[in-house]
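Okay, here's what each chain looks like letter by letter:
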Amino acid sequence: MNRTLRTFIVVVVALGMAGLASFAVYRAVQRIPVREVEVAHVQAVVASTGIPVGTLLTKEQLKLVGWPSSSPVPGAFTSIDAVVGRAAVVTLAENEPITESKLASRGSGSGLPPTIPPGMRAMSVRVNEVIGVAGFVVPGTRVDVIATVDVNRDIVTRTVVSNLLVLAAGTRYDQDAPKKDGKPIPTTVVTLAVTPPDAERVSLAATEGKVMLALRNPLDTQPTETAGIRLVNLTGAPAGPPIEQKVRGIKRVVAALPPAPPPPPPRPYTVETIRGAKRTTEEVKK
């Protein structure tokens, strides 16, 4: 075999191996699944920073970002000018999309009024650390209002309104409150969303007695239905008859007699027996 033939054979084998290798690589590439990169085709308005509830939105608090057109946000805005000047009715996180349901109507102002649901009223109740459930009553939670009223020494406690939404909770400095070192003492105020009839009940309870707040589970939406409890029922002792005293011919109730104590049990009959130096006492059973 001459040199030319050997060279030809080597070139043919090399070309065949290269062809087989190229075909194998081609088939392997065809088996790789196609990966599609989703490209944003629409713009959406999002919050550029955290925004508290009731804030009037400005351009500095908003920005436009690209959003996938295949996954649109219902009620989203594509223009910053359509959002500027409207108040947030919920707390917005950074980069959270702005939607119609999270904003108050244009011209409704800022602060607490836009967050009040239609047909409801905002009513504030002064509380302390105990009444405010040790700081767990925060905006967004739900509470029951429990009132304790004393009517002619007949103390009654019952739930007057249930499942109220807390709109705000904070501390204020009441100038009419007692002062310490010449400065007003801070008091905690809880603002509740109530209907007009419920506002009347809470106002009457706060005026004529003492109110407490009972924190609810947000998933528990059933109304609280109780008959209330009286002090007499709580202690289990019957109330005595009232004491009446005539003053210039007019009968007036001065006080109520305390309940009579139960009579002591009768002493048992015993017999003492002496037998020699041993003395024993036995009870005589009836």
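As the structure is a prediction and not an experimental result, all values here were calculated from the model. (Residues numbered from 1 in each chain as written. Predicted model: local features only at pLDDT ≥ 70, side-chain atom pairs only at ≥ 80, totals over all residues. Heavy atoms only, no water.)

## Some details on the overall build of the protein
Part 1 of the argument: Tallying secondary structure elements over the protein gives three helices and 14 strands in all.
Part 2 of the argument: Within the span of the protein, comprising 286 residues, buried residues form 21% of the whole.
Part 3 of the argument: For the protein, restricting intrachain contacts to residue pairs at least 6 apart in sequence, the fraction spanning at least 24 positions comes to 55%.
Part 4 of the argument: About 20900 Å² of surface is accessible on the protein, with carbon and sulfur atoms providing 59% of the total. (Helix = DSSP H or I, 4+ residues; strand = E, 2+ residues; numbered from the N terminus. Buried < 20%, exposed > 50% of the residue type's maximum accessible area, 1.4 Å probe, protein only. Contact = heavy atoms within 4.5 Å. Areas by Shrake-Rupley, 256 points an atom, 1.4 Å probe, with all protein chains shown as cover.)

## Examining a nonpolar patch on the surface
Part 1 of the argument: A cluster of nonpolar side chains, contributed by L5, F8, I9, V12, V13, M17 and L20, occupies part of the molecular surface with about 690 Å² of accessible area.
Part 2 of the argument: Tracing the backbone shows M17 in helix α1 (residues 3–31). (Patch = residues over 30% accessible without salt bridge, like charges linked within 9 Å, V, L, I, M, F, W, Y side chains within 5 Å. Salt bridge = Lys/Arg side-chain N within 4 Å of Asp/Glu carboxyl O.)

## So, the nonpolar core
Part 1 of the argument: V143, V145, L164, V190 and L192 are the most contacted members of the largest nonpolar core, which totals 18 residues.
Part 2 of the argument: Counting residues per element, the ones that place at least two in this core are β3 (121–127), β4 (142–151), β5 (154–173), β8 (186–194), α2 (196–208) and β9 (209–215).
Part 3 of the argument: Not counting the four nearest positions on each side in its chain, L192 is found in contact with R121, A122, M123, V125, V143, V145, L164, L165, V166 and L167.
Part 4 of the argument: In terms of nonpolar packing, the next biggest core, distinct from the first, is built from twelve residues, V45, L62, F77 and A88 among them. (Core = buried A, V, L, I, M, F, W, Y, C linked by side-chain atoms within 4.5 Å.)

## With respect to the side chain of T159
Part 1 of the argument: In this structure, T159 sits in strand β5.
Part 2 of the argument: Since its relative accessible area comes to 13%, T159 is described here as buried.
Part 3 of the argument: Contact partners of T159, with chain neighbours within four places excluded, come to D144, V145, I146, T224 and T226.

## Here's the deal with the pattern of salt bridges
Part 1 of the argument: Considering all chains together, one arrives at seven salt bridges under this definition.
Part 2 of the argument: For the salt bridge of R230 with D154, the shortest nitrogen-to-oxygen distance reads 2.4 Å. Here D154 lies in strand β5 and R230 lies in strand β10 (residues 229–230), a separation of 76 residues in the sequence.
Part 3 of the argument: In this structure R230 comes out as partly exposed when scored by relative accessible area, which is 39%.

## Some points on the confidence of the model for the protein
Close reading of the predicted structure is inappropriate where its pLDDT is low.
Part 1 of the argument: Confidence in the prediction for the protein averages 78 pLDDT; 78% of positions are at 70 or higher.
Part 2 of the argument: Note on residues 173–180: pLDDT under 50 across the span, and 13 contacts to partners over four residues away in sequence or across chains. (pLDDT = per-residue confidence, 0-100.)

## Brief notes about the environment of A93
Part 1 of the argument: In this fold, A93 is placed in the loop between β2 (62–67) and β3.
Part 2 of the argument: When residues no more than four places from it in sequence are discounted, the contact partners of A93 are A47, T49 and G50.

## What about α2?
Part 1 of the argument: Under the 1.5 Å per step criterion, the end-to-end length of α2 is 18 Å for 13 residues, consistent within 8% with the ideal 18 Å.
Part 2 of the argument: Among the residues of α2, D198, A199, V202 and A205 are the ones counted as buried. One face of α2 carries all of its buried residues, which in axial projection span an arc of 135°. Exposed and oriented more than 90 degrees from the buried face of α2 are E200, L204, T207 and E208. (Expected span 1.5 Å × (residues − 1). Arc of directions from axis to C-beta.)

## Details of unusual backbone geometry
Excluding glycine, residues mostly carry a negative phi; peptide bonds, for their part, are mostly trans.
Part 1 of the argument: Non-glycine residue N95 carries a positive phi angle of around 65°.
Part 2 of the argument: The residue N95 is located in the loop between β2 and β3 in this model.
Part 3 of the argument: Although it is not a glycine, N163 sits at a positive phi angle of roughly 60°.

## Structural notes on the side chain of R86
Part 1 of the argument: Tracing the chain through its elements places R86 in the loop between β2 and β3.
Part 2 of the argument: According to the relative accessible area criterion, R86 is buried, its value standing at 8%.
Part 3 of the argument: Leave out the neighbours within four places in its chain, and R86 touches T55, L56, L57, F77, E100, L103, A104, S105 and R106.

## What to know about the environment of R106
Part 1 of the argument: Structurally, R106 can be placed in the loop between β2 and β3.
Part 2 of the argument: Residues R106 and V83, spaced 23 residues apart in sequence, show a C-alpha to C-alpha distance of 9.0 Å.
Part 3 of the argument: Excluding residues that lie within four positions of it along the chain, R106 makes contacts with D81, A82, V83, V84, G85 and R86.

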